[in-house]
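A closer look at the structure
What follows is each chain in one-letter form.
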Amino acid sequence: DWSSDVCSSDLLTLVQTIPGQSGVGGITLDPHGTYLYAVGPGTNSIQAYSINASTGLLTPAGSSPMVEQDGAYTISISPTGQFAYTIEDNNDLVSYFLNNGVFTPIGSVNTQVYGQRIGVDPSGSFVHVPEACGNCPSGVYNVVNEFSIETTGALTKIPGSPVAAWTTPWSIAFTMQ
């Protein structure tokens, strides 16, 4: 189930609980605060919920089929809200064009990217995916996969990627300077 909370004076108040996907892998908001998106392992679609700006209530806004019909672990949205990226079927990085809560696949699937989280840098130019699995079939782990974002939203692996990371990089965050 999904819960929606309102924060006022540093206190959370439950305003809604709605049925959700079982085994939710990740949720994210679009940068405009219009939609909440949810993915999960074992599902075959990306769920979209519109957000009421004054109440915070979520309303189902539809779903879009995933490229790989075996679920996703995580989802990340570009700073413009035009593009979305998921890790599907345990290990593949998939790119989508996003329009009014509807996802359309773009570009090719980047296979064997065993990430649990996806980071899109604040400029919207790069995607970084930490890879921390200790028994990845590719034999590569403790690295960060790096991609440039093309104007279409498709991803191109950066030469020299992946780069070495410290032990077990599960997540990534960016700061704005």
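None of these values were measured; they are calculated from a predicted model.

Here's the deal with the pairing of strand β8 (residues 83–88)
- For β8, the buried fraction is high: six of the six residues fall into the buried class.
- Residues Phe83, Tyr85 and Ile87 point to one face of β8 and Ala84, Thr86 and Glu88 to the other, with burial holding for every one of them.
- Direction of pairing for strand β7 (residues 72–77) relative to β8: antiparallel, over a ladder of five bridges. In the strand pairing of β8, threonine 74 is matched with isoleucine 87.
- Taken together, β7 and the strand that follows it, β8, pair antiparallel across an intervening segment of five residues, in which glycine 81 is found at a positive phi of about 85°.
- When β8 meets strand β9 (residues 92–99), the two strands line up antiparallel, connected through six bridges. Residue pairing for β9: isoleucine 87 is matched across the bridge by leucine 93.
- In this antiparallel pair of consecutive strands, β8 and β9, the connection spans three residues, and aspartate 89 shows a positive phi of 50°.

A short note on the pairing of strand β5 (residues 45–51)
- Within β5, five of the seven residues are buried, which leaves the element mostly enclosed by the surrounding structure.
- Across four bridges, the pairing between strand β4 (residues 35–39) and β5 is antiparallel. Bridging from a neighbouring strand, alanine 38 pairs with glutamine 47 of β5.
- Relative to strand β6 (residues 58–65), β5 runs antiparallel, the two being bridged by seven bridges. Counterpart to isoleucine 46 in the pairing with β6 is serine 64.
- With antiparallel pairing between neighbouring strands as the criterion, β5 and β6 make up a hairpin whose turn holds six residues, including glycine 56 at a positive phi of roughly 80°.

So, the confidence of the model for the protein chain
- A residue-level look at the protein chain finds 87% of positions with pLDDT of 70 or above and a mean pLDDT of 84.
- Of all secondary-structure elements in the protein chain, the lowest mean pLDDT belongs to strand β1 (residues 2–8), at 51, while strand β14 (residues 155–157) reaches the highest, 95.

A short note on the sheet that holds β4
- Ordered by their spatial adjacency, four strands build an open sheet running β3-β4-β5-β6, and the pairing between neighbours is antiparallel. The sheet terminates laterally at β3 (26–29) and β6, the two strands that pair on one side only. Here the average twist between neighbouring strands, direction ignored, is 20°.
- Alignment of β3 against β4, held across four bridges, turns out to be antiparallel. In the sheet register, glycine 26 faces β4, and the bridge partner there is valine 39.

Quick notes on the sheet that holds β9
- Read from one edge of the open sheet, four strands run β7-β8-β9-β10, paired in antiparallel fashion. Edge positions in the sheet fall to β7 and β10 (102–110), since each has one partner strand and no second. On average, each strand axis in the sheet is inclined to that of its neighbour by 25°, with strand direction left out of account.
- With six bridges connecting them, β9 and β10 associate as antiparallel partners. When the sheet's bridge partners are listed, leucine 98 is paired in β10 with phenylalanine 103.

Some remarks on the environment of leucine 93
- Tracing the backbone shows leucine 93 in strand β9.
- Since its relative accessible area comes to 0%, leucine 93 is described here as buried.
- A C-alpha to C-alpha distance of 8.4 Å links leucine 93 and glycine 115, two positions 22 residues apart in sequence.
- Leaving out residues up to four positions away in the same chain, leucine 93 has contacts with Tyr85, Thr86, Ile87, Val109, Asn110, Val113, Ile118, Val127, Val129, Phe147 and Leu155.

The rules behind each value
- Throughout this description, residue numbers start from 1 for each chain and increase along the sequence as written.
- Restriction of local features to residues with pLDDT of at least 70 applies here, the model being predicted, together with a cutoff of 80 or more for giving and counting side-chain atom pairs; totals for whole chains, interfaces and linings are based on all residues.
- Only hydrogens and water are set aside when side-chain values are computed; all heavy atoms of the structure are taken into account.
- Buried means the residue's accessible area, taken with a 1.4 Å probe over protein chains only, is under 20% of the maximum for its type, while exposed means over 50%, and partly exposed covers the values in between.
- Put simply, DSSP H or I for four residues or longer makes a helix, DSSP E for two residues or longer makes a strand, and each gets a number counted from the N terminus.
- Paired strands are those between which DSSP finds at least two bridges.
- The pLDDT score gives, residue by residue, the confidence of the prediction method on a 0 to 100 scale.
- The axes are straight lines fitted to the C-alpha atoms, using for helices just the contacting stretch, and the angles between their N-to-C directions are given from 0 to 180°.
- Contacts are residue-level and defined by heavy atoms, with any inter-residue pair within 4.5 Å sufficient.

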